[in-house]
Amino acid sequence: MKVLTAMLALAALALFALSLATGPGGAVDAGLLRGALSAPASPEALILFEIRLPRALLGLMVGASMGLAGAALQGLLRNPLAEPALIGVTASAALGAVIAFYFGFAAAFAFALPAGGMAGALIAILLIYALAGLSASIHTLILAGVAVNSIAAALTSLALNLAPSPYAAAEILFWLLGSLADRSMEHVQLALLPVLAGLGLLAFTGRALDALTLGEDVAASLGVNLRLLQARIVLGSGLAVGAVTSVVGSVGFIGLVVPHLLRPLAGQRPGGLLLPSALGGAALALAADLLVRLLSGAQELRLGVFTALLGAPFFLWLVLASRREAGP
Amino acid sequence: MIAARSLSLRRGARLVVQEASLALLAGEVLALVGPNGAGKSTLLRGLAGLMRPHAGSVEWEGGPLARLGARTRARLIGYLPQQPQSHWPICVRDLVALGRLPHRATFAGESAADREAIERALDEADLKHLAGRRVDGLSAGERARAMIGRMLASEPRLLLADEPVAALDPYHQIETMEILRNRARAGAGVIVVLHDLGLAARFADRVALMREGRIAALGPPALVLDASAIANAFRVEAAMIAVEGALIPVPWRRIAERRS
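Not measured: the values here are computed from a predicted model.

1. Focus: the overall build of chain B
Helix and strand counts for chain B come out as nine helices and twelve strands. For 260 residues, the compact-globule estimate of 2.2 N^0.38 gives 18 Å, and the C-alpha radius of gyration of chain B, at 19 Å, lies within 12% of that figure. Projected onto the principal axes, the alpha-carbon positions of chain B cover approximately 65 × 40 × 35 Å. Taking all 260 residues of chain B together, 46% fall into the buried category.

Structure, rendered in structure tokens:
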């Protein structure tokens, strides 16, 4: 358990360093690191601190948010197929950004896009509270998530449908694909606070999630306040996932795949899975972003596309594995 | 220790328990019996503090149960639902250890007292040899015992068990009843829902017979579980068999439906 956490932390740290040392073509240049650290005003330092550091930091934040939110939601819903997108925050953040695009705010000031995304995520959280917050029922939460997801997806399609020019539509679509490229430290700063708040809310739900293994009645008899737990996880996932989606676009499957892969290694306990999932998510996001840089030719391969390409076959394998477990 | 005062409980719009009153003493085993749908499980949930009373109240040592904090209540009252399940295939020891959650300080790991209680529970529920096994690989009976172990590990002052012997073979049925009996002898209160009238007659100090949401009779087994009461409540004829000086009811044949 502790070995697993330490190994994942080391992996995330190593990939973070590798991300700093890797250029757009996928070439590792340690010389740049040395140059940047010896001369703070050099072009090397500019590349390191203004281009590569935000990219690596965002990779860390995206992965940790998706991994932790995925693990917490799977524990809350007691379903290995749950993922952060389920509560509709991802789709709503995307919608918020698309609206900022659509009405030209994005052209007017630089951070309209992430600001729009965060507004979308917040509205989604409020909507879910309005729909499901009053009852402690997990079913209502899932239904509310599906509803918010559908509304956000429909409105995003509408924005694409009515886009003023093909160019605008293409730009919206491209942004939706999700990427860590060309983000600045301002993007990091913008997302940092909600991400930390969200991760903080999620990090200490472990015991309650462990108790929930035995069902809602037993968890309540063990002193767990289910309503509070649900509220914490919705708010925590919403803040963290909404914030990262707002600055990098949609990056799927990390929140589904990582907890699922690590669950057997963490002894199946949902509480023991939280920290490893955050670290594992960070490692996976950084690794995927490194591969994206390695594989990109003239056209940038988007991180969101890449994780989906990796994640979909994994999902298929999951289906087959669960079928095998259920017997012929 | 715990008492229901004219307690009424609702499930949806239906009144499932109506004006139930009972009081349990420390060291006592009370069996809740009655036909399906009589409201036994709902009453047990009400006593566990998991439902808000529609009318009446539940009291813990004279004060309202609802006024106890969730954590205090969790330490005092252990609750074992009917057909308990584990949503993740954790190992038996981890499952039993969940019973210690209300005792553990925030952020603290397992204390020596926690570990002792877990070992005791594993031992009492005959789980030692299964401690490292995953619950999804256990038989139904082994899983049921693991769940009992989880409740024992909490070392509650009141144990509420909903059909804890339903999945068990005769050996482990008797063993489970002996575990509950022993906990009562050590000073705990026990309320257990049973369908086996023989076990109720043998192991309970008092029996509460429920019918259509009401407690129809409450008293020593010999008084409550006589042939006519069983015929009225369960619509079966029971043979009364004398074993070691006690009369044990054995349901024998259905009483034909009266048609008017």
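Continuing now.
2. Let's talk about the overall build of chain A
Within chain A, the regular secondary structure consists of 15 helices and zero strands. Taken against the 2.2 N^0.38 rule, which gives 20 Å for 328 residues, the C-alpha radius of gyration of chain A at 20 Å falls within 12% of a compact globule. With respect to the principal axes defined by its C-alpha atoms, chain A has extents near 60 × 50 × 40 Å. Restricting the contact set of chain A to residue pairs at least 6 apart, pairs at least 24 apart contribute 77%.

3. As for the sheet that holds strand 2 (residues 14-23) of chain B
Pairing between sheet strands relies on hydrogen bonds along the backbone, with the strands arranged either parallel or antiparallel. All names here are of chain B. Spatially, four strands are ordered 2-1-4-5 in an open sheet, and the strand pairing comes out antiparallel. Strand pairing shows two members of the sheet lacking a second neighbour, strand 2 and strand 5 (63-64), which therefore form its edges. Taken together, the six bridges between strand 1 (residues 2-11) and strand 2 define a ladder with antiparallel strand orientation. Opposite L9, over in strand 2, you have V17 as the bridge partner. Strands in contact with helix 1 (residues 40-47) are strand 1, strand 2 and strand 4 (55-60); relative to strand 1, the strand with the most contacts, it is inclined by about 120°.

4. So, the pairing of strand 6 (residues 77-80) of chain B
Residue and element names in this part refer to chain B. Because side chains alternate across strand 6, one face comprises the buried residues I77 and Y79, and the other comprises G78 and L80, equally buried. Both strand 6 and strand 7 (residues 158-162) contribute to a ladder of four bridges, which runs parallel. By the bridge assignment for strand 7, G78 is matched with L159.

5. Quick look at the interface of chain A and chain B
The figure often quoted for interface size is the accessible area lost as the parts come together. Contact residues are listed per partner, giving 18 residues for chain A and 22 residues for chain B. Counting residues per element, the side of chain A that touches chain B draws most heavily on helix 11 (residues 216-221) of chain A, at four residues. Taken together, the residues of the side of chain A that touches chain B sort by class into six nonpolar, seven polar and five charged.

6. Focus: helix 4 (residues 89-102) of chain A
Residues and elements named next belong to chain A. In this model, helix 4 (14 residues) spans 20 Å end to end at C-alpha, consistent with the 20 Å of a helix rising 1.5 Å per residue. Among the 14 residues in helix 4, 14 count as buried, and that is most of the element. In the segment just after helix 4, G104 is the residue with positive phi, at about 80°.

7. Regarding the sheet that holds strand 9 (residues 206-211) of chain B
Residues and elements named next belong to chain B. Spatial ordering of the open sheet is given by 6-7-8-3-9-10, a layout of six strands whose pairing is mixed. Unpaired on one side and paired on the other, strand 6 and strand 10 (214-219) mark the two borders of the sheet. Ignoring which end each strand starts from, the neighbouring axes of this sheet average 15° apart. Here strand 9 runs beside strand 10; their pairing, made up of five bridges, is antiparallel. Residue pairing for strand 10: V207 is matched across the bridge by G219. Strands strand 3 (29-33), strand 7 and strand 8 (189-193) of the sheet are contacted by helix 6 (residues 170-185), whose axis makes an angle of about 155° with strand 8.

8. A look at helix 7 (residues 138-161) of chain A
The terminal C-alpha atoms of helix 7 of chain A, which comprises 24 residues, lie 35 Å apart, in line with the 34 Å expected from a rise of 1.5 Å per residue. Among the residues of helix 7 of chain A, those classed as buried are L141, A144, G145, V148, A152 and T156 of chain A.

9. Details of the environment of L160 of chain B
With respect to the helices and strands, L160 of chain B occurs in strand 7. With sequence-adjacent residues up to four places away left out, L160 of chain B is seen in contact with L44, L47, A48, I77, G78, Y79, L80 and I191 of chain B.

10. Brief notes about the packing of helix 1 (residues 2-21) of chain A against helix 3 (residues 43-77) of chain A
How two helices sit against one another is set out by the angle between their axes and by the gap between those axes. Residues and elements named next belong to chain A. Axis separation between helix 1 and helix 3 bottoms out at 9 Å; the angle between their running directions is 150°. By the criterion of interaxial angle, the relationship of helix 1 to helix 3 is roughly antiparallel. Between helix 1 and helix 3 the crossing geometry is right-handed. On the side of helix 1, the interface is formed by F16, S19 and L20, while helix 3 contributes L48, R52, L53, R55, A56, G59 and L60.

11. Section: the nonpolar core
Inside soluble globular proteins, nonpolar side chains tend to come together where they are buried. In this structure, A72 and V244 of chain A together with A31, L32, V96, L160 and V192 of chain B are the most contacted members of the largest nonpolar core, which totals 178 residues. If one sorts the elements of this core by residue count, helix 3 of chain A sits on top with 15 residues.

12. A look at the packing of helix 3 of chain A against helix 14 (residues 274-295) of chain A
All names here are of chain A. Running from amino to carboxyl end, helix 3 crosses helix 14 at an angle of 140°, the nearest separation of the two axes being 6 Å. It follows that helix 3 is oblique to helix 14 by the angle criterion. Note that helix 3 runs across helix 14; the crossing there is right-handed. Between helix 3, through A56, G59, L60, V62, G63, A64, M66, G67, L68, G70, A71 and A72, and helix 14, the contact on the second element is made entirely by L274, S277, A278, G280, G281, A282, A283, L284, A285, L286 and D289. Tallied by class, the residues present in the contact of helix 3 with helix 14 amount to 15 nonpolar, seven polar and one charged.

So, how was this worked out
- Residues numbered from 1 in each chain as written.
- Chains lettered and ligands numbered in written order.
- Predicted model: local features only at pLDDT ≥ 70, side-chain atom pairs only at ≥ 80, totals over all residues.
- Helix = DSSP H or I, 4+ residues; strand = E, 2+ residues; numbered from the N terminus.
- Rg over C-alpha atoms; globule rule 2.2 N^0.38 Å.
- Buried ≥ 20, exposed ≤ 12 C-beta atoms within 10 Å, placed from the backbone.
- Contact = placed C-beta atoms within 7 Å.
- Pairing = 2+ DSSP bridges.
- Axes fitted to C-alpha atoms, helices over the stretch in contact; angles between N-to-C directions.
- Nonpolar A, V, L, I, M, F, W, Y, C, P; charged D, E, K, R; others polar.
- Expected span 1.5 Å × (residues − 1).
- Parallel < 35°, antiparallel > 145°, perpendicular 65-115°, else oblique.
- Left-handed = near helix turned anticlockwise from the far one by under 90°.
- Core = buried A, V, L, I, M, F, W, Y, C linked by C-beta atoms within 7 Å.

The analysis is restricted to geometry; functional conclusions fall outside its scope.
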